[in-house]
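# Fold and contact review
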Amino acid sequence: MSTKATPNPDLRTDDYDEMLARIDDAIAELSDKIENGRIRDPERDKVRLKMYRTLGYLIRTRRKVMQDATLKELEAEIEELKADREV
């Protein structure tokens, strides 16, 4: 059996919690701005909205990368278990 250290699953949970907290903050800020905010500089507001779209894209991309990493780890564990079983 391998003695390779596996990542702490709590770290992933913390990462997801942080991502969700940032998304919730962005949603609250945008909702407040939509409902109560005055747009003083439309160009600046457009840039801010583009940043939020980019943030959402990056978070989705990061989630996919984490899923891929988890799948690779599981594949390696399955192969290790198969090899141990064959011995």
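Residues numbered from 1 in each chain as written. Predicted model: local features only at pLDDT ≥ 70, side-chain atom pairs only at ≥ 80, totals over all residues. Heavy atoms only, no water.

## Regarding the overall build of the chain
Under the convention used in this document: Think of it this way: any DSSP run of H or I at least four residues long counts as a helix, any run of E at least two long counts as a strand, and we number them from the N terminus. Relative accessibility thresholds used throughout: buried, under 20% of the residue-type maximum; exposed, over 50%; partly exposed, between the two (1.4 Å probe, protein chains only). All accessible-area figures derive from a Shrake-Rupley calculation using a 1.4 Å probe, and residue coverage is judged against the displayed protein chains alone.
For the chain, the count of helices and strands is two helices and zero strands. Put simply, the chain has 87 residues, and 7% of those count as buried. Here the chain displays about 7800 Å² of accessible surface, and carbon together with sulfur accounts for 56% of that area.

## Concerning a negative patch on the surface
Rules: Exposure above 30% relative accessible area and the lack of any salt bridge qualify a residue for a patch; like charges then connect within 9 Å, and the nonpolar side chains Val, Leu, Ile, Met, Phe, Trp and Tyr within 5 Å. Only one rule defines a salt bridge in this text: a Lys or Arg side-chain nitrogen within 4 Å of an Asp or Glu carboxyl oxygen. In this count, Lys and Arg are taken as positive residues and Asp and Glu as negative ones, while His and the chain termini are left out. To locate a charge, take NZ of a lysine, CZ of an arginine, CG of an aspartate or CD of a glutamate.
A contiguous patch of negative charge, built from D24, D25, E29, D32 and E35, is present on the exposed surface. Here D25 shows up in helix α1 (residues 9-36).

## Thoughts on the environment of D15
To be explicit about the condition: Any pair of residues with heavy atoms lying within 4.5 Å of one another is described as a contacting pair.
Structurally, D15 is set in helix α1. Residue class for D15 comes out partly exposed when judged on its relative accessible area of 25%. Distance in space between the C-alpha atoms of D15 and R62 is 10.0 Å, their sequence separation being 47 residues. If near-sequence neighbours (up to four positions away) are discounted, D15 is found in contact with R62 and M66.

## Some words on the pattern of salt bridges
The tally for this structure, following the rule as stated, stands at three salt bridges. In this structure, the salt-bridge partner of K46 is E43, at a minimum N-O distance of 3.4 Å. Of this pair, K46 and E43 both sit in helix α2 (residues 42-86), three residues apart, which is roughly one turn of that helix. Between R48 and D45 there is a salt bridge, and its shortest N-O distance comes to 3.7 Å. Taken together, the residues R48 and D45, both in helix α2 and three residues apart, mark about one turn of the helix. Overall, the relative accessible area of 27% leaves R48 in the partly exposed class.

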